[in-house]
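A look at the structure
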Amino acid sequence: QVQVVESGGGRVQPGGSLRLSCVSSGPVFRIYDMGWYRQAPGKQRELVAQITSDGDRELGDSVKGRFTISRDDAKKTVWLQMNSLKPEDTAVYYCNQDIETSYSGTYEAFWGQGTQVTVSS
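First things first, this report covers the structure right here in the doc.

Definitions and cut-offs
Residues numbered from 1 in each chain as written. Predicted model: local features only at pLDDT ≥ 70, side-chain atom pairs only at ≥ 80, totals over all residues. Heavy atoms only, no water. Helix = DSSP H or I, 4+ residues; strand = E, 2+ residues; numbered from the N terminus. Polar contact = N/O pair within 3.5 Å; in protein donor to acceptor, adjacent residues only side chain to side chain. Contact = heavy atoms within 4.5 Å. Buried < 20%, exposed > 50% of the residue type's maximum accessible area, 1.4 Å probe, protein only. Salt bridge = Lys/Arg side-chain N within 4 Å of Asp/Glu carboxyl O. Disulfide = S-S within 2.5 Å.

The next point concerns the side chain of Glu6. Its place among the elements puts Glu6 in strand β1 (residues 3-7). In terms of polar contacts, Glu6 uses its side chain to reach the backbone amide nitrogen of Cys95, at 2.7 Å. A distance of 2.8 Å separates a polar side-chain atom of Glu6 from the backbone nitrogen of Gly114. Those residues in contact with Glu6, other than ones at most four positions away along the chain, are Ser21, Cys22, Trp36, Tyr93, Tyr94, Cys95, Gly112, Gln113, Gly114 and Thr115.

Here you go:
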């Protein structure tokens, strides 16, 4: 069974940095898009950053110039480097990996359980 697990969240002061990691495990044959989403209390989940298997990146407007997404398929890992953090970045951050399993012949979206990021002085 495929599992996706995030790590790296925590509390940081405004202007600080955090690096989130997300690794998948299990019968992973191929990974397509990988992405990070976030959801703040009372708000809808929004795309933060996404990276395709070709390395094309998409960043949300609110994080451009501050956040960077990268991946290593051999490690089945995607990272989100977050710099110059602001209080409005406070949210639960979720990882998504579109994975083709070794038995399915197609891909589906797998989600992590989320990791809390709190930006506060």
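Next comes the rest of the description.
Turning our eyes to something else, we now look at unusual backbone geometry. Positive phi outside glycine occurs at Lys76, with the angle close to 55°. Positive phi is not limited to glycine here, since Ser84 has a value of about 50°. We classify Ser84 as partly exposed; its relative accessible area is 41%.

Here we take up the pattern of salt bridges. Applying the stated criterion across every chain, the model contains five salt bridges. The salt bridge involving Asp61 is made with Lys64; its shortest N-O contact spans 3.1 Å. Residues Arg66 and Asp89 are paired through a salt bridge, measuring 2.7 Å at the closest nitrogen-oxygen approach. Of this pair, Arg66 sits in the loop between β6 (57-59) and β7 (67-72) while Asp89 sits in the loop between β8 (77-82) and β9 (91-101); the two residues are 23 residues apart in sequence, bridging distant segments of the chain. Residue Asp89 is classed as buried on the basis of its relative accessible area, which comes to 1%.

The next subject is the state of the cysteines. Per the counting criterion, the structure on display carries one disulfide. Covalently, Cys22 is tied to Cys95 through a disulfide, its sulfur atoms 1.9 Å apart. For the disulfide bridge between Cys22 and Cys95, the dihedral angle about the S-S bond is near -75°, and by the sign convention the bridge is left-handed. Pair noted here: Cys22 is in strand β3 (residues 18-25) and Cys95 is in strand β9, with a separation of 73 residues, a long-range link. Here Cys22 matches Cys95 in class, with each residue buried.

Right, let's talk about the environment of Val117 for a bit. With respect to the secondary-structure elements, Val117 resides in strand β11 (residues 115-119). Judged by relative accessible area, Val117 falls into the buried class, the value being 0%. Spatially, the C-alpha atom of Val117 lies 5.4 Å from that of Thr90, the residues being 27 residues apart in sequence. When near neighbours in sequence (up to four residues on either side) are disregarded, Val117 contacts Gly9, Gly10, Leu18, Leu20, Met82, Asp89, Thr90, Ala91 and Tyr93.

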